[in-house]
Amino acid sequence: AGMGPMPSPEHSIDRIDGTKGYSPENCRWATIVEQNNNKRTNHVVEFNGERRTIAEWARHTGIKYETLLARINRHEWPVERALTTMGDGRACPQR
């Protein structure tokens, strides 16, 4: 069984498990954003029962990626504080 036609020009083949080969059961069509979120080097953070990469949390909260990365890694903020404080110190709006 093949993977079928490419869904759009923005899609390319991605391995679901990067440690395994390009077999049909380990491949999917994915956008560059999906592929970037499927990397071994990503820093995955759990908050309120949701696991996302820092880049995904940045898009979800509206906080800059670099800000979240610094808060979590360099400043060692608790995840809840890092994800719920805007750049100017205000609480993030609920999403």
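This section reports on the structure supplied with the text.

Calculation notes
As a convention, each chain's residues are numbered from 1 in the sequence order in which they are written. Where local features are concerned, this predicted model is filtered to residues with pLDDT of at least 70; where side-chain atom pairs are given and counted, the filter is 80 or more; whole-chain, interface and lining totals use all residues. Excluded from the side-chain calculations are hydrogens and water; all other atoms, namely the structure's heavy atoms, are used. Only runs of H or I of at least four residues qualify as helices and only runs of E of at least two qualify as strands under DSSP, and these elements are numbered from the N terminus. Residue burial is assigned from relative accessible area. The probe radius is 1.4 Å, only protein chains are included, and a residue is buried under 20% of its type maximum, exposed over 50%, and partly exposed in between. Working rule for contacts: check all heavy atoms of both residues, and any pair within 4.5 Å makes them a contact. Under the convention used here, a 1.4 Å probe and the Shrake-Rupley method define accessible areas, while residue burial counts only the protein chains that appear. Aromatic pairs are defined between Phe, Tyr and Trp rings, using the six-membered ring for Trp, whenever the two ring centres lie within 6.5 Å; interplanar angles under 30 degrees are classed as stacked, those over 60 as edge-to-face, and all others as tilted. For a lysine, the NZ atom is tested; for an arginine, the CZ atom; a charge sits over a ring if that atom is within 6 Å of the ring centre and within 35 degrees of the ring normal.

1. Describing the overall build of the chain
No. 1: Looking only at helices and strands, the chain has 4 helices and 4 strands in total.
No. 2: When the 95 residues of the chain are sorted by exposure, 26% land in the buried category.
No. 3: Summarising the internal contacts of the chain: among those between residues at least 6 apart in sequence, 19% fall at separations of at least 24.
No. 4: Surface summary for the chain: the accessible area is close to 6800 Å², and the carbon and sulfur share equals 50%.

2. Description of the environment of A70
No. 1: Tracing the backbone through its elements, the reader meets A70 in helix 3 (residues 65–74).
No. 2: Sequence-wise, A70 and A82 are 12 residues apart; in three dimensions their C-alpha atoms are separated by 9.2 Å.

3. Quick notes on the packing of aromatic side chains
No. 1: Enumeration over the complete set of coordinates arrives at 1 aromatic pair.
No. 2: With 6.0 Å between their ring centres and 75° between their planes, F47 and W57 make a pair best called edge-to-face. Highlighted residues: F47 in strand 3 (residues 44–47) and W57 in helix 2 (residues 54–61), separated in sequence by 10 residues. Here the two residues F47 and W57 agree in accessibility, since each one is buried.
No. 3: Cation over ring: R81 sits above W77, and NZ or CZ is 3.7 Å from the ring centre.

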